[in-house]
Amino acid sequence: MKNIKTLLTAALCMVAFCAYAQQLTKGVSKELAAQRKANISNVIYDLTFHIPGNPQQKITGKNVITFDLKEKADVVLDFQGEFDGNCTVIIRKGKNKKEKRKPVIATYQNEHIIIPNKLLVPGTNRVELNFTATDKALNRHQDYMYTLFVPDNARSCFHCFDQPDLRARYLTDIKAPAGWKTMTSDPCCPLPTSLYSFVAGNFYEKIGTRDGRPMRALYLETDPDKVNQIDNVFDEVAASLKWMEGYTGIANPFGTEYGMVILPNFQFGGQENPGAIQFNDRRIFLDKNATQEDKLTRTELIAHMTAHLWFGDLVAPEWFEDLWAEELMANFMASKITRRQFRGVDRDLNFLRTYQARAIAIDRTEGTHAIAQEISNIDHASLLYDDIIYDKGPVMMRMLENIMEAPVLQKALQNYLADNAYGNASWDKFIQTLEKEASGISVRQYMDVWGKEKGLPHIHTSYRNGQIVVSQSDPYGRGICWPQKFEIRLIHELGSSKVLTVNMTKPTMTFKCSTRPDYIIPNYDGRGYGIFTLDDDYAKKLPMRLITTHNDLHRYCLLQTIHENYLQGKIPPSHFGELYRFMMKEKNPLIMSTGVDQMFKISTDMPMSSRKTLELCIMDLLGENKSKECRQYILNKLAANAVSPEVLDKIQKMFDAHNDPAFSERDYMNMAYRLAIVRPERREEILSKERGRLMTQELKDEFDFVSRVCNPSAEARTQLFNELLKPENRKQEGWGLQTLRLLNSDVYEPQ
């Protein structure tokens with residue numbers, strides 16, 4: 001009889017499992033996520049991690065999961081590690097609510113653990129499981145480790161509901177080697193699994209307070225000058241927090257402590273885990289020769305991570321396909337924060353350089369895609385991240401702010417955060433909130449065009465029969481019109497000029513202009529987004545306006561328009577001469593870097609003999625513009641790209657001398673790579689010399705990894721590329737990207 005009862009129970013369990021079997025593919029499907037969200041709430045993970053000092057030994061642990069069920073049902077957990085089927089349900093019974101532990105046999109299928117409902121009840125439940133974590137999200141080194149669960153890797157470490165809208169609290173007990181310091185995400189507020197994190201290691205520690213806010217940093221850097229920069233970082237964090245609180249009307253939602261860990265070779269610029277924000281050390285610890293651009297980049301990164309405490313952490317997306325929304329909002333906020341901290345920098349120019357130029361660089365290519373993308377499974381979430389999301393998104397929001405007006409948009413964003421605090425919201429809900437405040441404006445129609453369609457408009461300006469004609473076309477033939485506002489400047493030789501404000505709500509717009517202008521400068525204020533072109537006769541005259549345009553923003557916008565018309569074949573390469581004249585006098589570091597990039601682009605488009613000549617011209621520019629920033633931009637660009645023997649000889653001398661304050665050690669490493677590639681007969685000598693100069697094991701490891709690309713054997717480089725196709729061979733993503741860039745060196749291209 002006992003055996004029959006057991007068989008009947010097993011059969012009933014199998015019937016229940018069959019309902020899930022049809023949907024339990026690898027990853028987390030939308031269907032599974034929706035079913036769990038409807039029935040599960042109030043999740044708590046009580047986690048214990050045993051971290052051995054030897055990174056070759058596995059991390060093990062225990063997970064006690066508390067959750068409420070609306071209805072009695074089987075529970076599906078996500079887990080990518082090995083599972084032996086053992087699970088314990090912890091039951092409280094009787095007047096004294098004494099705990100009883102009941103073992104349960106669970107089923108494992110396609111990275112999911114199915115716990116049968118036999119011992120589960122409507123209301124609060126607790127289950128206990130042991131685990132051995134996989135190494136997928138564990139970045140382990142000899143004396144430290146950190147986790148990186150974004151966007152879908154928490155399940156590789158412990159059992160969980162790995163979806164953004166099942167937020168949970170995390171109680172973490174880390175058993176680490178003696179002397180190791182630890183840091184975990186904020187335990188007080190519910191977080192998605194992707195925002196949970198812990199680090200442990202033989203870190204140094206700095207503690208500080210700003211405006212009454214406790215701050216803590218863990219780091220491995222030993223250079224005293226760099227370590228002293230943490231005080232500046234704390235200052236920038238405090239400024240970002242203060243600005244975000246003022247803008248949103250909401251105090252820091254994770255106010256217990258602003259914890260950060262500064263990591264060597266971290267995969268990204270940063271990761272916004274509240275309470276344990278991760279930063280790339282190269283983005284935080286700046287070299288002595290750091291440019292204004294480097295300092296701006298650090299401030300933008302800190303501001304971006306801090307803004308995420310509201311957009312992404314306080315309110316997270318409902319599903320992974322909306323992850324882009326939190327990234328664009330964090331960058332949009334960061335652009336505002338940075339302009340307050342760098343009051344001497346033209347805020348609009350910096351926005352264009354930081355976001356718009358990068359977005360267009362991809363958007364004009366076949367690799368473009370819509371900002372918003374649909375995904376049906378968590379497995380595809382990591383494919384969403386690129387410059388379209390991070391950089392085109394803020395451009396879209398700035399243009400929307402221009403249409404709605406800044407106070408109206410601010411009020412809408414405040415309502416959005418307040419209504420969804422410590423919860424989740426879809427992009428559709430975000431738009432609904434904006435539309436409530438934006439009277440008379442079709443926010444949804446605007447967002448659909450800018451957010452859900454790929455590519456960018458081609459906007460052509462011409463003079464026809466007493467009219468300025470502005471026409472917009474869709475390069476993909478869909479008939480889309482991107483609504484936007486921008487300015488066009490009309491200039492006459494006698495000195496008079498006029499600025500037209502274009503509110504482009506239809507494909508073609510005309511403006512009366514009785515006298516033919518001598519110059520037409522489209523997108524004069526940089527507020528428009530697209531490829532702005534002119535008739536050939538007008539386009540060819542644009543470079544002559546560079547040295548007579550004194551406003552920094554207008555000069556930068558003109559420089560970008562010239563470049564776009566060059567790429568479209570409307571301006572010949574000979575405008576290099578005008579760029580040279582303009583660069584002789586340029587003082588703005590942000591414009592200098594763009595000008596140098598464009599000069600190099602022209603040189604690389606030329607036949608080899610002409611390219612070598614232009615490189616010498618660029619080198620000669622150092623004698624005309626003697627600013628520190630110009631020297632750094634030009635020398636670093638030449639050191640990484642030169643083919644001219646004369647220029648390479650000068651780079652070789654600087655490399656051999658190794659005493660130029662304009663260069664960091666990584667600059668010298670880049671010189672070594674280039675010199676070893678273009679001078680293969682001296683490869684071993686060059687690489688050996690540079691490696692002998694490296695003072696830390698971290699730099700030596702990086703150099704050994706990347707310098708393999710300097711092998712003159714095409715067969716060896718092909719083998720290296722094939723090795724990099726395997727994820728385990730590119731765990732240090734920065735090294736992998738550098739190697740791939742060098743594998744695509746122009747020197748290796750068929751001649």
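See the structure shown above.
Residues numbered from 1 in each chain as written. Predicted model: local features only at pLDDT ≥ 70, side-chain atom pairs only at ≥ 80, totals over all residues. Heavy atoms only, no water.

1. Quick look at the pattern of salt bridges
To keep it simple, the criterion reads: Any carboxyl oxygen of Asp or Glu that lies within 4 Å of a side-chain nitrogen of Lys or Arg is treated as forming a salt bridge with it. Helix and strand labels come from DSSP, where a helix needs a run of H or I of at least four residues and a strand needs a run of E of at least two; each type is numbered from the N terminus. Using a 1.4 Å probe on the protein chains alone, a residue whose accessible area is under 20% of its type maximum counts as buried, one over 50% counts as exposed, and one in between counts as partly exposed.
The final tally for this structure, using the stated rule, is 48 salt bridges. Close ionic contact of R364 with E564 constitutes a salt bridge, the shortest N to O distance being 2.4 Å. Pair noted here: R364 is in the loop between α8 (347-363) and α9 (387-404) and E564 is in helix α14 (residues 552-567), with a separation of 200 residues, a long-range link. A residue is classified by how much of its surface remains accessible, and R364, at 35% relative accessible area, is partly exposed. For the salt bridge of R555 with D552, the shortest nitrogen-to-oxygen distance reads 2.7 Å. Residue R555 and its partner D552 are both found in helix α14; the two are separated by three residues, about one turn of the helix. D552 sits in the partly exposed class, given a relative accessible area of 28%. Through salt bridges with shared partners, a single ionic network connects E111, D152, R155 and D162.

2. Some remarks on the nonpolar core
Spelled out, the test is: Take the buried residues of types Ala, Val, Leu, Ile, Met, Phe, Trp, Tyr and Cys, join any two whose side-chain atoms come within 4.5 Å, and each joined set is a nonpolar core. Note on definitions: a residue-residue contact is assigned when non-hydrogen atoms from the two residues lie within 4.5 Å.
If you look at the biggest cluster of nonpolar residues, it comprises 122 residues, and the most contacted ones within it are Y45, F49, F158, M333 and M447. The contact partners of M447, leaving out residues within four places of it in the chain, are M396, M397, L400, W427, F430, I431, L434 and K452. In this structure, V502, Y580, I634 and A639 belong to the second largest nonpolar core, which totals 90 residues.

3. Some thoughts on the packing of aromatic side chains
Stated precisely, the cut-off is as follows: For Phe, Tyr and Trp, where Trp contributes only its six-membered ring, two rings pair if their centres lie within 6.5 Å, and the inter-plane angle classes them as stacked under 30 degrees, edge-to-face over 60, or tilted in between. Charge over a ring is defined by NZ of Lys or CZ of Arg lying within 6 Å of the ring centre and within 35 degrees of the ring normal.
In the structure shown here, the tally under the stated rule is 29 aromatic pairs. Aromatic side chains F149 and F158 sit 5.9 Å apart centroid to centroid with 75 degrees between the ring planes, which places their arrangement in the edge-to-face category. With a relative accessible area of 0%, F158 lands in the buried category. Taking the centre distance of 6.1 Å and the plane angle of 20 degrees together, the rings of F149 and Y196 count as stacked. Placement of F149 in the loop between β10 (144-147) and β11 (168-175) and of Y196 in the loop between β12 (181-184) and β13 (198-201) is noted, with a sequence separation of 47 residues between them. The class for F149 is buried, based on a relative accessible area of 2%. These aromatic residues form a ring-pair network of at least three members: Y45, F49, F131, F149, F158, Y170, Y196 and F198. The aromatic ring of Y476 is capped on one face by K454, whose charged end is 4.3 Å from the ring centroid.

4. Re a nonpolar patch on the surface
What counts is decided by this rule: Patches in this entry comprise residues that are over 30% relatively accessible and not in a salt bridge; like charges within 9 Å are linked, as are nonpolar side chains (Val, Leu, Ile, Met, Phe, Trp, Tyr) within 5 Å. All accessible-area figures derive from a Shrake-Rupley calculation using a 1.4 Å probe, and residue coverage is judged against the displayed protein chains alone.
Residues F721, L725, L737 and L740 make up a contiguous nonpolar surface patch of roughly 350 Å² in combined accessible area. Within the fold, L725 resides in the loop between α23 (714-724) and α24 (733-743).

5. Observations regarding the pairing of strand β7 (residues 112-115)
The cut-off we apply is this: At least two bridges found by DSSP between two strands is the condition for calling them paired.
Here β7 shows no split at all, with H112 and I114 on one side and I113 and I115 on the other all buried. Judged from the four bridges that link them, strand β3 (residues 75-78) and β7 form a sheet pairing that is antiparallel. Paired with D78 across the bridge in β7 is H112. Judged from the three bridges that link them, strand β6 (residues 107-109) and β7 form a sheet pairing that is antiparallel. Following the sheet pairing, Y108 is matched in β7 by I113. Between β6 and β7, which pair antiparallel and follow one another directly, the connecting turn spans two residues, one of which, N110, has a positive phi of 50 degrees.

6. Quick word on helix α6 (residues 292-307)
Inclusion rule: In a helix, the anticipated span is given by 1.5 Å times the number of residues less one.
For α6, built from 16 residues, the straight-helix expectation of 22 Å at 1.5 Å per residue is met to within 8% by its first-to-last C-alpha distance of 22 Å. For α6, the tally of buried residues reaches twelve of 16 residues, placing the bulk of the element in the interior. Here α6 has its buried residues at E293, L296, R298, T299, E300, L301, I302, A303, H304, M305, T306 and A307.

7. Topic: the side chain of S185
Mapping S185 onto the fold places it in the loop between β12 and β13. According to the relative accessible area criterion, S185 is buried, its value standing at 1%. With residues up to four places along the chain from it excluded, the contact list for S185 reads L191, L195, Y196, S197, N273, P274 and A276.

8. What to know about the side chain of R674
Inspection of the secondary structure assignment puts R674 in helix α20 (residues 665-678). Setting aside its immediate chain neighbours within four residues, R674 contacts R611, A639, A640, N641, A642, V643, S745, D746 and V747.

9. Notes on α14
Relative to the 22 Å expected for 16 residues at 1.5 Å per residue, α14 spans 23 Å between its end C-alpha atoms, a close match to the ideal helical length. In terms of residue burial, α14 counts as a mostly covered element, since 13 of its 16 residues are buried. With its phi angle positive at about 80 degrees, G569 sits one or two positions after the end of α14.

10. Let's talk about the packing of helix α19 (residues 645-657) against helix α21 (residues 683-693)
Defined as follows: In this analysis, axes come from line fits to C-alpha atoms, helices being fitted only over the stretch in contact, and the angle between any two N-to-C directions falls in the range 0 to 180 degrees. Left-handed describes a crossing whose near helix is turned anticlockwise from the far helix by less than a right angle; the clockwise case is right-handed. Classification convention: Asp, Glu, Lys, Arg as charged; Ala, Val, Leu, Ile, Met, Phe, Trp, Tyr, Cys, Pro as nonpolar; all other residues, Gly among them, as polar.
For the pair α19 and α21, the least separation of the axes is 11 Å and the interaxial angle reads 35 degrees. Crossing geometry of α19 relative to α21 is assigned as left-handed. In this structure, α19 contributes Q652, F655 and D656 to the contact, and α21 contributes I686, K689, E690 and R693. Classifying every residue of the contact of α19 with α21 gives two nonpolar, one polar and four charged.

11. Details of the sheet that holds β13
A sheet is described by the order of its strands in space; here four strands give the open sequence β9-β10-β13-β12, paired in antiparallel fashion. With one partner strand each, in any of the chains shown, β9 (138-140) and β12 form the two edges of the open sheet. On average, each strand axis in the sheet is inclined to that of its neighbour by 10 degrees, with strand direction left out of account. Direction of pairing for β10 relative to β13: antiparallel, over a ladder of three bridges. Within β13, the position partnered with M145 by the bridge is A200.

12. Quick look at unusual backbone geometry
In this structure, P151 follows V150 across a cis peptide bond, with omega equal to -10 degrees. Turning to its location among the elements, P151 is positioned in the loop between β10 and β11. The backbone of N42 shows a phi angle near 50 degrees, a positive value even though the residue is not glycine. At N465, a residue that is not glycine, the phi angle is positive and equals roughly 50 degrees. Mapped onto the secondary structure, N465 falls in the loop between β21 (458-464) and β22 (467-473).

13. Some words on the sheet that holds β21
Overall, mixed pairing links the four strands, which are arranged β25-β22-β21-β27 in an open sheet. Lying at the two open borders of the sheet, with one neighbouring strand each, are β25 (508-512) and β27 (531-534). Neighbouring strand axes in the sheet, compared pairwise and without regard to direction, differ in orientation by 20 degrees on average. Sheet analysis places β22 next to β25, joined by five bridges and oriented antiparallel. Bridge pairing in β25 links Q467 to K512.

14. Side note on the packing of helix α18 (residues 628-641) against α19
Quick reminder of the rule: Angles are sorted into four bins: roughly parallel if under 35 degrees, roughly antiparallel if over 145, roughly perpendicular if 65 to 115, and oblique for all others.
Contact geometry of α18 with α19 gives a least axis separation of 10 Å together with a crossing angle of 105 degrees. Considering the angle they form, α18 stands roughly perpendicular to α19. For the pair formed by α18 and α19, the contact residues are L635, L638 and A639 on the first element and V647, I651 and M654 on the second. Across the contact of α18 with α19, the residue classes tally to six nonpolar, no polar and no charged.

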